Amino acid sequence: MQDWEISLLKRLAGKGRSSVGAKMTKRWCLKFKTSIVSMVYTQSEILQKEVYLFERIDSANRENMKHLKAICFLRPTKENVDYLIQELRRPKYSTYFIYFSNVISKSNVKSLAEADEQEVVAEVQEFYGDYIAVNPHVFSLNISVCCQQVITKEYELFDFRRTEVPPLLLLLDRSDDAITPLLNQWTYQAMVHELLGINNNRIDLSRVPGISKDLREVVLSAENDEFYANNMYLNFAEIGSNIKNLMEDFQRRKPKEQQKLESIADMKAFVENYPQFKKMSGTVSKHVTVVGELSRLVSEKNLLEASEVEQELACQNDHSSALQNIRRLLQNPKVSELDATRLVMLYALHYERHSSNSLPGLMTELRNRGVSEKHRKLVSAVVEYGGKRVRGSDLFNSKDAVAITKQFLKGLKGVENVYTQHQPLLHETLDQLIKGKLKDNQYPYLGPSTLRDRPQDIIVFMIGGATYEEALTVYNLNRTTPGVRIVLGGTTIHNTKSFLEEVSASGFRGRGADSSQGPARAASRRLN
């Protein structure tokens, strides 16, 4: 250990670490960490810990407040270290407790020690939290490209507790299953992300017609929203029915406030007409707004019919029927440009080598209906990214084909169609892993093989991004497989739009949009 490190440790030891819990006003200095904290704590919960003021460390013109202590939670980037060095040279607070969310180099610690001439630093720690906690069993790095691994350089950090059966880290490549992120979704959380987008638990509703000012942005968090926690994995029809039941229960307690509730529109009118209900149950009124917008988009974009064909492409092997249905939908003006393109993408992935492949004709139909060249090029780009020559598994094995069926849940008009027959490849992979049947040649391992032992703790990390449909798969496996705990992570959480951005960012830009040739052969992106 160097002299400067010993000096710093002595100084820190003399400051008294227990003082961080003392009852006094504190301030968080956040840079890049705002989203991480906000995903697990509400502001009111943080206030209960006596943290009353919040600032980003890059904020200009912050006041000197020598009576305050500062808790700094930062990603150890060069930019943040430079900000912190400037802060320590001219400290605005009495004491600094510094927590880095990832590994920080010794040279950076040395630079901080040299900058701390006034000896205001009480503590420096690496607090590994450089990820977004999406659900209790799902996390995301919120990045669209892979970061450099540090396992070899910092091997001692990965010396985990010993268990009878060691934890298992399963690394998967998004290109092995390009179907899942292309499908419309019909369970609540996944559907909201597909149609509205979820960004760190926040939903932007500012473009919703007639939206009130207080609902332009809403938060959907299972930690702080009981209705959402109980309904996030249910299908769309069940969500509507559950909201309806809550409103009818309110009406039973308020006999004078009876109103017919047969549709989402009826529910929205009820919320607007009875401010008392909105005040008593702001959470429900929020979900009425969200479900109402989902219902509007489903109708506007003809998603019931489009999703049925998507499921047919994903789960059946009837080429003639699929081709006929795609052509019919391409002639429907209600089908959006994105939905038209994704149908052709699904066809291209499924029937890439079919003897009667009609992709050139479908590409011509896309051009004739006015689909942009950018979207048309993405068809071949997706096949380059996740086509048959790239993926290691057969997504369309005929012996596993499942005939799609319509499921109607009665009781609420306007939200009665649910298509959830598709299961992502991850379901089969985890099922085989739990049974010890994964093939070593498809899933090579590092170190002693543990694939034949029944694992207890499984961490799945999807390079290229995971999806909420896969999160649902993990949730269901955790419920139905006693003794096994699975956590799913990914470089990001995809919907169709972000997945196509990932494909483009990965360098797959497609051949000429109107080329009559089949997709070009792609270089394998599998991890070996």
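Residues numbered from 1 in each chain as written. Predicted model: local features only at pLDDT ≥ 70, side-chain atom pairs only at ≥ 80, totals over all residues. Heavy atoms only, no water.

This next bit is on the side chain of Thr 429. Counting through the fold element by element, Thr 429 comes out in helix α17 (residues 425-434). The residues touching Thr 429, leaving out its near neighbours within four places in the chain, are Leu 170, Leu 172, Leu 438 and Tyr 443. (Helix = DSSP H or I, 4+ residues; strand = E, 2+ residues; numbered from the N terminus. Contact = heavy atoms within 4.5 Å.)

If you want to describe how two helices pack, look at the angle between their axes and the distance between the axes. Running from N to C, α17 and helix α18 (residues 468-480) point in directions that differ by 30 degrees, and their axes come no closer than 9 Å. When you trace α17 past α18, the crossing you get is right-handed. Counted together, Leu 426, His 427 and Leu 430 of α17 and Glu 470, Thr 473, Val 474 and Leu 477 of α18 form the full contact between these two elements. (Axes fitted to C-alpha atoms, helices over the stretch in contact; angles between N-to-C directions. Left-handed = near helix turned anticlockwise from the far one by under 90°.)

Across the seven residues of strand β13 (residues 457-463), six count as buried, placing the element largely inside the fold. By the bridge criterion, six bridges tie strand β8 (residues 168-173) to β13 in an arrangement that is parallel. Pairing of Leu 169 across the sheet is with Ile 459, part of β13. Here six bridges tie β13 to strand β15 (residues 485-490), and the two strands are oriented parallel to one another. By the bridge assignment for β15, Val 460 is matched with Leu 488. (Buried < 20%, exposed > 50% of the residue type's maximum accessible area, 1.4 Å probe, protein only. Pairing = 2+ DSSP bridges.)

With that settled, the discussion passes to the environment of Ile 132. You can see Ile 132 is positioned in strand β6 (residues 132-135). Residue Ile 132 is classed as buried on the basis of its relative accessible area, which comes to 4%. Each C-alpha atom, one on Ile 132 and one on Asn 142, is 6.9 Å from the other, the two residues being ten residues apart in sequence. In this structure Ile 132 touches Ser 35, Ile 36, Met 39, Val 138, Phe 139, Ser 140, Asn 142 and Asn 200, once residues within four positions along its chain are discounted.

Attention shifts here to helix α16 (residues 373-386). Here α16 spans 20 Å end to end across 14 residues, near enough to the 20 Å set by a 1.5 Å rise per residue. The principal kink in α16, of about 30 degrees, is found at Val 379. α16 sits mainly inside the fold: eleven of its 14 residues count as buried. Inspection of α16 places His 375, Arg 376, Leu 378, Val 379, Ser 380, Ala 381, Val 382, Val 383, Glu 384, Tyr 385 and Gly 386 among the buried residues, and these make up the whole buried set. Buried residues along α16 sit in contact with α14 (337-350), α15 (359-368) and α19 (496-505). (Expected span 1.5 Å × (residues − 1). Bend = angle between axes of the 7 residues up to and from the residue.)

Our focus in this paragraph is the environment of Met 191. Within the secondary structure layout, Met 191 lies in helix α6 (residues 188-195). In the structure, Met 191 is positioned 278 residues away from Glu 469 in sequence and 9.4 Å away in space, judged by C-alpha atoms. Excluding its chain neighbours within four sequence positions, the residues that come into contact with Met 191 are Gln 185, Trp 186, Leu 196, Phe 236, Leu 294 and Val 298.

Attention now moves to the sheet that holds β6. Pairing between the strands of a sheet is mediated by backbone hydrogen bonds and can be parallel or antiparallel. Here we have five strands laid out as an open sheet, ordered β6-β7-β15-β13-β8, and mixed in their pairing. With partners counted over all chains shown, the strands left at the sheet margins are β6 and β8, one partner each. Within this sheet the neighbouring strands show an average axis-to-axis angle of 25 degrees, counted without direction. Bridge count between strand β7 (residues 138-140) and β15: three bridges; the pairing is parallel. Bridge pairing links Phe 139 to Gly 489 in β15. Packing against the sheet, α18 makes contact with β6, β7, β13 and β15, and its axis sits at approximately 170 degrees to β15.

A few words now on a nonpolar patch on the surface. On the surface, Leu 47, Tyr 52, Leu 53 and Phe 54 cluster together into a nonpolar patch covering about 310 Å² of accessible area. Ranked by residue count, the leading element in the nonpolar patch is strand β2 (residues 51-56), at three residues. (Patch = residues over 30% accessible without salt bridge, like charges linked within 9 Å, V, L, I, M, F, W, Y side chains within 5 Å. Areas by Shrake-Rupley, 256 points an atom, 1.4 Å probe, with all protein chains shown as cover. Salt bridge = Lys/Arg side-chain N within 4 Å of Asp/Glu carboxyl O.)

At a closest axis distance of 10 Å, the pairing of helix α12 (residues 303-315) and helix α13 (residues 319-330) adopts a crossing angle of 155 degrees. The orientation of α12 relative to α13 falls into the category roughly antiparallel. Relative to α13, α12 is oriented so that their crossing is left-handed. Only Ser 321, Ala 322, Asn 325, Ile 326, Arg 328 and Leu 329 of α13 make contact with α12, whose side of the interface consists of Glu 305, Ala 306, Val 309, Glu 312 and Leu 313. Classifying every residue of the contact of α12 with α13 by side-chain character gives six nonpolar, two polar and three charged. (Parallel < 35°, antiparallel > 145°, perpendicular 65-115°, else oblique. Nonpolar A, V, L, I, M, F, W, Y, C, P; charged D, E, K, R; others polar.)

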